[in-house]
Amino acid sequence: MARVFNPPLAELVGARKRYGRQVALDGIDIAVRGGELLALLGPNGAGKTTAIGLLLGLLDADDGSARLFGESPHSLAARRGVGLMLQSAGIPDTLKVRELLELTRSYYPDPRSLADCVALAGLDGLIERRYGKLSGGQQRRVQFALALCGRPRLLFLDEPTTGLDIEARQGLWKAIRELVADGCGVLLTTHYLEEAESLADRVVVLNRGEVVASGTVAEVRAHVSQRRIRCQSSLSVARVAQWPGVRSASADGERLEIVADAAEPVVRRLLAEDAGLSDLEVQRAGLADAFIELTREAA
Ligand code: ATP
């Protein structure tokens with residue numbers, strides 16, 4: 001099959017950044033392409049904000065390079081192609097949502113229509129309200145709409161769904177999926193791993209300024225060999241917890257839950273020792289398990 005060349009919209013190559021003696025990024029590579037969502041994950045202090053700062057030209061790398069649409073992130077033309085939803089917004093409280101959207105749209109030669117911005121961000125019924133009088137979750141949705149006004153080819157979403165209720169979060173996820181399907185590239189940071197699991201084409205896990213894993217969600221998950229085994233059994237938890245290859249075991253009544261390095265030897269032994277065992281389930285670890293294991297290993 002012919003491969004379509006899809007160059008990165010934003011890219012860090014061997015990027016290093018320190019603050020005094022604190023190394024924030026230790027030579028990392030990241031690339032975001034059109035039509036894909038890259039989730040940048042990592043515990044507090046991992047370097048995510050620093051990476052975004054380099055890609056947006058808010059900070060300069062000490063070593064390595066940052067490119068935006070193939071240009072320096074300081075280029076105005078390159079920055080025009082980006083939509084931003086950062087953690088601090090600095091939006092004037094006294095303006096109405098409609099005024100904010102019209103003002104932001106006026107900065108661009110070919111802005112997205114007001115109706116599309118309202119629909120994508122779920123702002124129906126809010127546009128005549130003053131920004132300062134909205135709830136935190138509603139303000140977050142306005143910030144999302146403002147990020148879309150210029151029809152960006154690349155969106156930076158830094159913790160976009162913090163403070164949103166479940167329905168609003170689902171609405172935002174749907175809009176993000178539509179934008180990606182339309183060819184937009186998205187760099188997402190989130191502390192909700194189910195958000196990355198649900199939206200990301202690829203994930204990069206950072207820890208202490210280094211990339212500790214990158215790939216598709218499935219690939220990162222596969223870094224973790226552990227399996228979660230559940231069954232109904234009369235075996236005692238204390239006994240199972242002693243078996244080789246068992247990391248942990250817990251029970252809720254007769255429902256046993258075991259985390260093991262590999263499933264087969266443990267399942268074989270469970271069946272051998274408890275003829276009455278039922279309801280056996282084996283699962284691969286989720287992204288959350290992988291993330292915890294990867295960042296703990298690196299520590
Ligand atoms: P969080 O999830 O908490 O937002 P993060 O992954 O975005 O964290 P960064 O803010 O990029 O992490 O910080 C990376 C490291 O650099 C941390 O150790 C942080 O303390 C340090 N750091 C960040 N900004 C500065 C600064 N202006 N001066 C000194 N150290 C800084």
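Residues numbered from 1 in each chain as written. Predicted model: local features only at pLDDT ≥ 70, side-chain atom pairs only at ≥ 80, totals over all residues. Heavy atoms only, no water.

Undergrad: Tell me what's going on with the packing of aromatic side chains, and back it up with residues and numbers.
TA: According to the stated counting rule, one finds zero aromatic pairs in the structure shown. Stacked on the ring of tyrosine 19, the Lys or Arg lysine 17 has its end atom at 5.9 Å from the ring centre. Positioned over the ring face of tyrosine 192 is arginine 169, at 4.0 Å from the centre of the ring. (Phe/Tyr/Trp six-rings, centres within 6.5 Å; stacked < 30°, edge-to-face > 60°. Lys NZ or Arg CZ within 6 Å of the ring centre and 35° of its normal.)

Undergrad: Now, about the sheet that holds strand β10 (residues 227-232): what can you tell me, with residues and values included?
TA: Hydrogen bonds between backbone atoms are what pair the strands of a sheet, whose relative direction is either parallel or antiparallel. On the basis of which strands lie adjacent, the open sheet formed by four strands has the order β11-β12-β10-β13 and antiparallel pairing. One side of each edge strand has no neighbouring strand; the edge strands of this open sheet are β11 (246-252) and β13 (278-284). Within the sheet, the average angular offset between the axes of one strand and its neighbour, ignoring direction, is 15 degrees. Each of β10, β11, β12 (255-260) and β13 touches helix α10 (residues 263-273); the most contacted strand, β10, lies at about 15 degrees to it. (Pairing = 2+ DSSP bridges. Helix = DSSP H or I, 4+ residues; strand = E, 2+ residues; numbered from the N terminus. Axes fitted to C-alpha atoms, helices over the stretch in contact; angles between N-to-C directions. Contact = heavy atoms within 4.5 Å.)

Undergrad: Residue-level account of the site of the ligand, with values.
TA: Taken together, Tyr19, Gln22, Ala24, Pro43, Asn44, Gly45, Ala46, Gly47, Lys48, Thr49, Thr50 and His191 make up the full set of residues adjacent to the ligand. Residue glycine 45 places a main-chain N or O atom 2.8 Å away from an oxygen atom belonging to the ligand. Threonine 49 has a polar side-chain atom sitting 2.4 Å from an oxygen atom of the ligand. For the shell around the ligand, the secondary structure elements donating two or more residues are β2 (22-33) and α1 (48-55). Here the shell around the ligand takes three residues from α1, the largest share from any one element. Here the shell around the ligand is composed, by residue class, of four nonpolar, seven polar and one charged. (Near = heavy atom within 4 Å. Polar contact = N/O pair within 3.5 Å; in protein donor to acceptor, adjacent residues only side chain to side chain. Nonpolar A, V, L, I, M, F, W, Y, C, P; charged D, E, K, R; others polar.)

Undergrad: Run through the sheet that holds β2, naming residues and quoting values.
TA: Taken in spatial order, the three strands line up as β2-β1-β4 in an open sheet, and their pairing is antiparallel. Each edge of the sheet is formed by a strand with only one pairing partner; in this case those strands are β2 and β4 (63-68). Shown here is a sheet whose adjacent strand axes are inclined to one another by a mean of 15 degrees, direction ignored. Sheet analysis places strand β1 (residues 8-19) next to β4, joined by five bridges and oriented antiparallel. Each bridged residue has a counterpart across the sheet, and for glutamate 11 the counterpart in β4 is arginine 67.

Undergrad: Please set out the pairing of β1 residue by residue, giving values where relevant.
TA: Bridging between β1 and β2 involves nine bridges; their strand directions are antiparallel. By the bridge assignment, arginine 16 is partnered in β2 with aspartate 26. Counting the residues between successive antiparallel strands, the hairpin from β1 to β2 contains two residues, one of them, glycine 20, with a positive phi of roughly 60 degrees.

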